[in-house]
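# An overview of the molecular structure
Residues per chain, in single letters:
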Amino acid sequence: MSKFYVVSSDILPEVLEKVMEARTLLQSGKAKRISEAVKAVGISRGTYYKYKDVVFAASQEQNNRKAVITMTLRNEKGALSKVSSLISAKQVNILAINQTIPINGIHNVSFTLDISDLESDIQSFMKLIEEMAFVDKVDLVAVE
């Protein structure tokens, strides 16, 4: 599991902040395509792809933290319910769930979570989910 640090942007390479700017342009709809966003901030597509999944902005407001995680679940009876129960047991509120229909015995699920009251760090929380027998993969998409 990866370790996460909160550091001042003053000490980081400028390219990391530009990746964040490009992501913001895409999320806000000001840029429709990645090529448009990276051109606007002055980085290459390769640089964007290299860092887009590992650089997150820390929220100034810690009272309302959100995270988006995705997972691949085997199509077993009660699997989604068991994951939801674990999430709830860890004092995490589910804000939204999106799931695909099962294809070849697996389906993808995306959770948007309020992690303000999470009892542990996000990595430990994801590890608990990943250890469930019917969970094949868990990824952290974003943290706010």
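Here, the structure is the one placed above.
Residues numbered from 1 in each chain as written. Predicted model: local features only at pLDDT ≥ 70, side-chain atom pairs only at ≥ 80, totals over all residues. Heavy atoms only, no water.

## A closer look at the pairing of strand E1 (residues 66-74)
The pairing of E1 with strand E3 (residues 106-114) spans 9 bridges and is classified as antiparallel. Bridging from a neighbouring strand, Lys-66 pairs with Asp-114 of E3. Strand direction decides the pairing type here: E1 and strand E4 (residues 135-143), joined by 7 bridges, are antiparallel. By the bridge assignment, Leu-73 is partnered in E4 with Val-135. (Pairing = 2+ DSSP bridges. Helix = DSSP H or I, 4+ residues; strand = E, 2+ residues; numbered from the N terminus.)

## Let's talk about the sheet that holds strand E2 (residues 93-99)
One open sheet holds the 4 strands; their spatial order is E2-E3-E1-E4, and the pairing between them is antiparallel. Whereas interior strands pair on both sides, the edge strands pair on one side only; in this sheet they are E2 and E4. Taking each pair of neighbouring strands and ignoring which way they run, the sheet shows an average axis angle of 20 degrees. Pairing of E2 with E3 involves 6 bridges; the strand directions are antiparallel. From the neighbouring strand, Asn-98 faces E3, where its bridge partner is Ser-110. The strands that helix H4 (residues 79-89) touches are E1, E2, E3 and E4; relative to E3, the one it contacts most, it runs at about 20 degrees. Each of E1, E3 and E4 touches helix H5 (residues 122-130); the most contacted strand, E4, lies at about 155 degrees to it. (Axes fitted to C-alpha atoms, helices over the stretch in contact; angles between N-to-C directions. Contact = heavy atoms within 4.5 Å.)

## Here's the deal with the pattern of salt bridges
Considering all chains together, one arrives at 5 salt bridges under this definition. For Arg-74, the salt bridge identified is with Asp-136, shortest N-O distance 2.8 Å. With a gap of 62 residues between them, Arg-74 in strand E1 and Asp-136 in strand E4 connect regions that are remote in the sequence. The class of Asp-136 is partly exposed, set by a relative accessible area of 37%. Linking Lys-127 and Glu-131 is a salt bridge whose minimum nitrogen-to-oxygen distance equals 3.6 Å. Residue classification places Glu-131 among the exposed positions, given a relative accessible area of 53%. Within the structure, one salt-bridge network assembled from shared partners comprises Arg-74, Glu-76 and Asp-136. (Salt bridge = Lys/Arg side-chain N within 4 Å of Asp/Glu carboxyl O. Buried < 20%, exposed > 50% of the residue type's maximum accessible area, 1.4 Å probe, protein only.)

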